[in-house]
Amino acid sequence: MAMEMINGHGQSSQISQNGHKRVLVIAAHPDDEVLGCGGTIALHVRSGDQVTTVIVCEGESLRYTGMACDLTGDTMRAAEQLGTHDVRLLQYRDQRLDAIPLTDLIVKLEAIVREVRPHLVYCQYGGDVNRDHELLFKALLVATRPTEEAIEGIYSFDTASSTEWAYPRSFVPDMWVDISETLDTKLKAMACYRTETRAYPHPRSLQGLDYRARAWGNQSCLEAAEVFMPIRRVVRQGHPPQ
Ligand SMILES: [Zn+2]
């Protein structure tokens, strides 16, 4: 249920009637959504927020040609662990976003943003070592520009084995989300991605991800955290910042 609200400029903007947020997660590859914000997604679901996840690339053509692999099935199983039901797979070729006109991707993202009208957007960090992450970030900056009136915050997430492998290492988080109650859920969701997990001490090992969440959390005296770098926050409709 949603109702129309009038903002200070006399333009209508939808907010959910019960105060629940609409959340849009935009990830390049299957598993990035879990690595970056799986624990936070589970917190949103637990709070009754509406979460839509977009996975832009199909994620298997380059690495797993000829191998038995069901990344789409893994994605849906991971979503089930997190409690999300709205997962959009755009099926661009893995590691080939540099081979398409970026406007093609922007148009698709714009259509989703205008349909979902998210309050919060979680996305890849544009300084990651992965080229798809970098290009997707540029596209989503256009698709989520301030003309989209519902958006209150856009937050880049930390993607294990991509964000910290870039140079210069420019990801500087300034939001720590306490995921101590949903870390197990995040790890169970990641375990669904059988071809994406690695043996410890790789950053994408389950134990490595557990340590990573605890190390991030300890920075802010929490048991475990996911961290975010806010890209844009807008406080609207005469409300004070929270
Ligand atoms: Zn990725």
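Here we summarise the structure given alongside this text.

Definitions and cut-offs
Residues numbered from 1 in each chain as written. Predicted model: local features only at pLDDT ≥ 70, side-chain atom pairs only at ≥ 80, totals over all residues. Helix = DSSP H or I, 4+ residues; strand = E, 2+ residues; numbered from the N terminus. Buried ≥ 20, exposed ≤ 12 C-beta atoms within 10 Å, placed from the backbone. Contact = placed C-beta atoms within 7 Å. Pairing = 2+ DSSP bridges. Axes fitted to C-alpha atoms, helices over the stretch in contact; angles between N-to-C directions. Core = buried A, V, L, I, M, F, W, Y, C linked by C-beta atoms within 7 Å. Expected span 1.5 Å × (residues − 1). Arc of directions from axis to C-beta. Right-handed = clockwise from strand over helix to strand, strands pointing away. Parallel < 35°, antiparallel > 145°, perpendicular 65-115°, else oblique. Left-handed = near helix turned anticlockwise from the far one by under 90°. Nonpolar A, V, L, I, M, F, W, Y, C, P; charged D, E, K, R; others polar.

### Describing the overall build of the protein
Here's step 1: Tallying secondary structure elements over the protein gives six helices and nine strands in all.
Here's step 2: When each of the 242 residues of the protein is scored for burial, the buried share is 40%.
Here's step 3: Here the contacts in the protein between residues at least 6 apart in sequence split such that 76% fall between residues at least 24 apart.

### Thoughts on unusual backbone geometry
Here's step 1: Cis geometry is adopted by the peptide bond preceding Pro168, which originates at Tyr167 and carries an omega value of -5°.
Here's step 2: Omega for the bond connecting Tyr200 with Pro201 falls within 30 degrees of zero, at 15°, which places this linkage in the cis form.
Here's step 3: By the secondary structure assignment, Pro201 is in the loop between helix H5 (183–191) and helix H6 (206–219).
Here's step 4: With phi around 60°, Cys221 is a residue other than glycine that occupies positive phi space.
Here's step 5: Following the sequence through the fold, Cys221 ends up in the loop between H6 and strand E9 (225–233).

### Brief notes about the sheet that holds strand E6 (residues 120–123)
Here's step 1: Taken together, seven strands build an open sheet; the order of strands is E5-E4-E3-E6-E7-E9-E8 and the sheet is mixed. One side of each edge strand has no neighbouring strand; the edge strands of this open sheet are strand E5 (86–92) and strand E8 (175–178). Strand after strand, the sheet turns through a mean of 25° between neighbouring axes, direction not considered.
Here's step 2: The pairing of strand E3 (residues 22–27) with E6 spans four bridges and is classified as parallel.

### Here's the deal with the nonpolar core
Here's step 1: Membership of the largest hydrophobic core comes to 56 residues, with the highest contact counts inside it found for Val25, Ile26, Val56, Val121, Tyr122 and Leu136.
Here's step 2: Residues in contact with Val56, not counting those within four places in the same chain, are Ala27, Ala28, Leu90, Tyr92 and Leu136.

### Things to note about helix H2 (residues 71–82)
Here's step 1: Taking 1.5 Å of rise per residue, twelve residues should cover 16 Å, and H2 covers 16 Å from first to last C-alpha, within 8% of that figure.
Here's step 2: Where H2 is concerned, the buried positions are Leu71, Asp74, Thr75, Ala78, Ala79, Gln81 and Leu82. What you see down the axis of H2 is that its buried residues fit within an arc of 155°, all on one side.
Here's step 3: Just past H2, the residue Gly83 takes up positive phi, approximately 90°.

### Quick word on the pairing of E3
Here's step 1: Where burial is concerned, most of E3 is hidden: six out of the six residues are buried.
Here's step 2: For E3 and strand E4 (residues 50–57), the ladder comprises six bridges, and the chain directions are parallel. From the neighbouring strand, Val25 faces E4, where its bridge partner is Thr53.
Here's step 3: Between the parallel elements E3 and E4, the chain passes through helix H1 (residues 32–46) in a crossover that is right-handed.

### Observations regarding helix H3 (residues 102–116)
In an α-helix, one turn spans 3.6 residues; hence positions three or four apart end up facing the same way.
Here's step 1: With 15 residues, H3 ought to run about 21 Å at 1.5 Å a step, and its terminal C-alpha atoms sit 21 Å apart, in line with that.
Here's step 2: For H3, every residue scored as buried is listed here: Leu105, Leu109, Val113 and Val116. All buried residues of H3 fall inside an arc of 70° around its axis, so they share one side. Structural note: H3 exposes Thr103, Asp104, Ala111, Arg114 and Glu115 on the side pointing more than 90 degrees away from its buried face.
Here's step 3: Contact partners of the buried residues in H3: E3, E4 and helix H4 (131–143).
Here's step 4: Backbone geometry just after H3 places Arg117 at a positive phi near 50°.

### Examining the packing of H2 against H5
Here's step 1: Taken N-terminus to C-terminus, the directions of H2 and H5 make an angle of 170°; their axes are 8 Å apart at the nearest point. Taken together, the axes of H2 and H5 are roughly antiparallel relative to one another. In the crossing of H2 with H5, the sense of the turn from one axis to the other is right-handed. Two secondary-structure elements touch here, H2 through Ala78, Gln81 and Leu82 and H5 through Thr185, Lys188 and Ala189.
Here's step 2: Taken together, the residues of the contact of H2 with H5 sort by class into three nonpolar, two polar and one charged.

Read these as spatial facts, not as claims about activity.
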